[in-house]
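Chain and residue survey
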Amino acid sequence: MKTLRAVPVGGSAKVVKLHGEGAVKRRIMDMGITKGVEVQVRKVAPLGDPIEVTVRGYELSIRKADADMIQVE
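Residues numbered from 1 in each chain as written. Predicted model: local features only at pLDDT ≥ 70, side-chain atom pairs only at ≥ 80, totals over all residues. Heavy atoms only, no water.

**Details of the pairing of strand β4 (residues 51-55)**
Successive residues of a regular strand alternate their side chains across the two faces of the sheet. Put simply, the rule is: Only protein chains enter the calculation, and the probe is 1.4 Å; a residue is then buried if its accessible area is under 20% of its type maximum, exposed if over 50%, and partly exposed in between. Strands are runs of DSSP state E lasting at least two residues, helices are runs of H or I lasting at least four, and both sets are numbered from the N terminus onward. At least two bridges found by DSSP between two strands is the condition for calling them paired.
Judged by how many residues are buried, β4 sits mostly within the fold: five of five residues are covered. The alternating pattern of β4 places Ile51, Val53 and Val55 on one face and Glu52 and Thr54 on the opposite face, and all of these are buried. Bridging between strand β3 (residues 38-44) and β4 involves five bridges; their strand directions are antiparallel. Across the sheet, the residue bridging to Val41 is Val53, located in β4. In sequence, β3 turns back onto β4 through a hairpin of six residues, with Gly48 there showing a positive phi of about 90°. Counting the residues that bridge the hairpin from β4 to strand β5 (residues 58-62) gives two residues, and of these Arg56 lies at a positive phi of roughly 55°.

**Quick notes on the nonpolar core**
The test is simple: Joining through side-chain atoms within 4.5 Å is the link that ties buried Ala, Val, Leu, Ile, Met, Phe, Trp, Tyr and Cys residues into a set, and such a set is a nonpolar core. Contacts are assigned to residue pairs that have any heavy atoms within 4.5 Å of one another.
With 19 residues, the main nonpolar core has Leu4, Val15, Ile33 and Ile70 as its most contacted residues. At the level of elements, β2 (12-18), β3, β4, β5 and β6 (70-72) are the ones that each hand at least two residues to this core. Setting aside residues up to four positions removed in sequence, Val15 forms contacts with Ile33, Thr34, Lys35, Gly36, Val37, Val39, Ile70, Gln71 and Val72.

**Considering the pairing of β3**
For β2 and β3, the ladder comprises three bridges, and the chain directions are antiparallel. Bridge assignment links Lys14 to a residue of β3, and that residue is Glu38.

**Description of unusual backbone geometry**
Of the consecutive residues Asp49 and Pro50, the connecting peptide bond is found in the cis state with omega at 5°. Structurally, Pro50 is set in the loop between β3 and β4. Positive phi, normally seen in glycine, also occurs at Arg56, with a value near 55°. Secondary-structure assignment places Arg56 in the loop between β4 and β5. We classify Arg56 as exposed; its relative accessible area is 54%.

So, in structure tokens, the structure goes:
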């Protein structure tokens, strides 16, 4: 199982599944990260948190913990 956190800078991946429950999963989906969407990793902060991604034409910063909940291929 590969997560969004494992995608290198400049790489892109397709979201396969969202893990997590309730409000956490809903928050990730509200940000535009849903099954089947293409996500590109733009930058990673010096200490690894947060990760900046491009999704649906806009830039989004997400925490490492949230990136671990996003399964990609």
